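Listed here are the chains, written in short residue letters.
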Amino acid sequence: MKKDVIIALDFPTLETTIEFLEKFGDEKLFVKVGMELYLQNGPVVLEKIKKLGHKIFLDLKLHDIPNTVYEATKGLAKFDVDILTVHGAGGYEMLKAAKDGMLAGGSEDTKVIAITQLTSTSEKMIKEEQLINVSLNESVINYAKLAKKANLDGVVSSAWEAQLILENCGKDFLKVTPGIRLETDEIGDQKRVATPEIAAEKGSTHIVVGRSITKAKNPRAIYDLIQEQFNK
């Protein structure tokens, strides 16, 4: 089964986004709409991208009290996105409310997944800044198990934890991994990066790629290369 490469549309405007998507002609993509694009342009972004026939990973990382998250996901259900993120750190009740809200809003197809630890987070940071007294891997697995218990469909982690998540949560549990770079790319603000080949080897079901594609002189060629590497 072909695994998905999700392109992160980290642009400030809808116009810039559409200009980028036009470079791919009629090809139907799986794209990430994150906070930068969504918060500056609103739901019209989702409507426009859906109208073009692309799949949407809505990466809003919802994190609030359970009732607020329930109402938020219930309202977002009408946009029929393919994947929506919430923060695992919100706890079991919030995670359960996120999925319940999506179902109450009438969307049985939208996958709700939890953020474990951001790929910009290091082992040192979780010890010194988050004051977590277990390893980064243990923290990720804890959030993954919590998400599964709350009936979520998967998690976001780096590729380096995907194998552990597979072992603990099963093959049908989504393992969406950002922080993907080609060997020739700069790491940027990420800490736990991996190549598409490593992500495939570790068990990622989806990879999220931004700057490697969006900043490329020939985005379509790089996208095709990453697809080939991830699906060999």
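Located above this text is the structure these notes cover.
Residues numbered from 1 in each chain as written. Predicted model: local features only at pLDDT ≥ 70, side-chain atom pairs only at ≥ 80, totals over all residues. Heavy atoms only, no water.

**Side note on the sheet that holds strand 8 (residues 206–209)**
Step number 1: The strand order around the closed barrel built from eight strands is 1-2-3-4-5-6-7-8, with neighbouring strands paired in parallel fashion. This sheet shows a mean twist of 25 degrees between the axes of neighbouring strands, independent of strand direction.
Step number 2: This element, helix 11 (residues 219–230), spans strand 1 (4–8) and strand 8 of the sheet and lies at about 145 degrees to strand 1. (Pairing = 2+ DSSP bridges. Helix = DSSP H or I, 4+ residues; strand = E, 2+ residues; numbered from the N terminus. Axes fitted to C-alpha atoms, helices over the stretch in contact; angles between N-to-C directions. Contact = heavy atoms within 4.5 Å.)

**Describing the packing of aromatic side chains**
Step number 1: The final tally for this structure, using the stated rule, is three aromatic pairs.
Step number 2: With a centroid separation of 5.3 Å and an interplanar angle of 50 degrees, the aromatic rings of F11 and F20 are classed as tilted.
Step number 3: Among the aromatic side chains, those forming a connected cluster through ring pairs are F11, F20, F24 and Y223.
Step number 4: Between K3 and the ring centre of F230, over which it is positioned, the NZ or CZ distance is 4.9 Å.
Step number 5: The cationic tip of K149 hangs over the ring face of Y92; the distance from NZ or CZ to the ring centre is 5.1 Å. (Phe/Tyr/Trp six-rings, centres within 6.5 Å; stacked < 30°, edge-to-face > 60°. Lys NZ or Arg CZ within 6 Å of the ring centre and 35° of its normal.)

**Quick notes on the pattern of salt bridges**
Step number 1: Across all of its chains, the model carries 10 salt bridges by this definition.
Step number 2: Between K124 and E128 there is a salt bridge, and its shortest N-O distance comes to 3.2 Å. With a gap of four residues between them, K124 and E128 both fall in helix 6 (residues 123–128), about one helical turn apart. Side by side, K124 and E128 carry an identical accessibility label, which is exposed.
Step number 3: Beyond isolated ion pairs, a larger network of salt bridges with shared partners links D10, K32, D59 and K61. (Salt bridge = Lys/Arg side-chain N within 4 Å of Asp/Glu carboxyl O. Buried < 20%, exposed > 50% of the residue type's maximum accessible area, 1.4 Å probe, protein only.)

Just distances and angles here, no functional claims.
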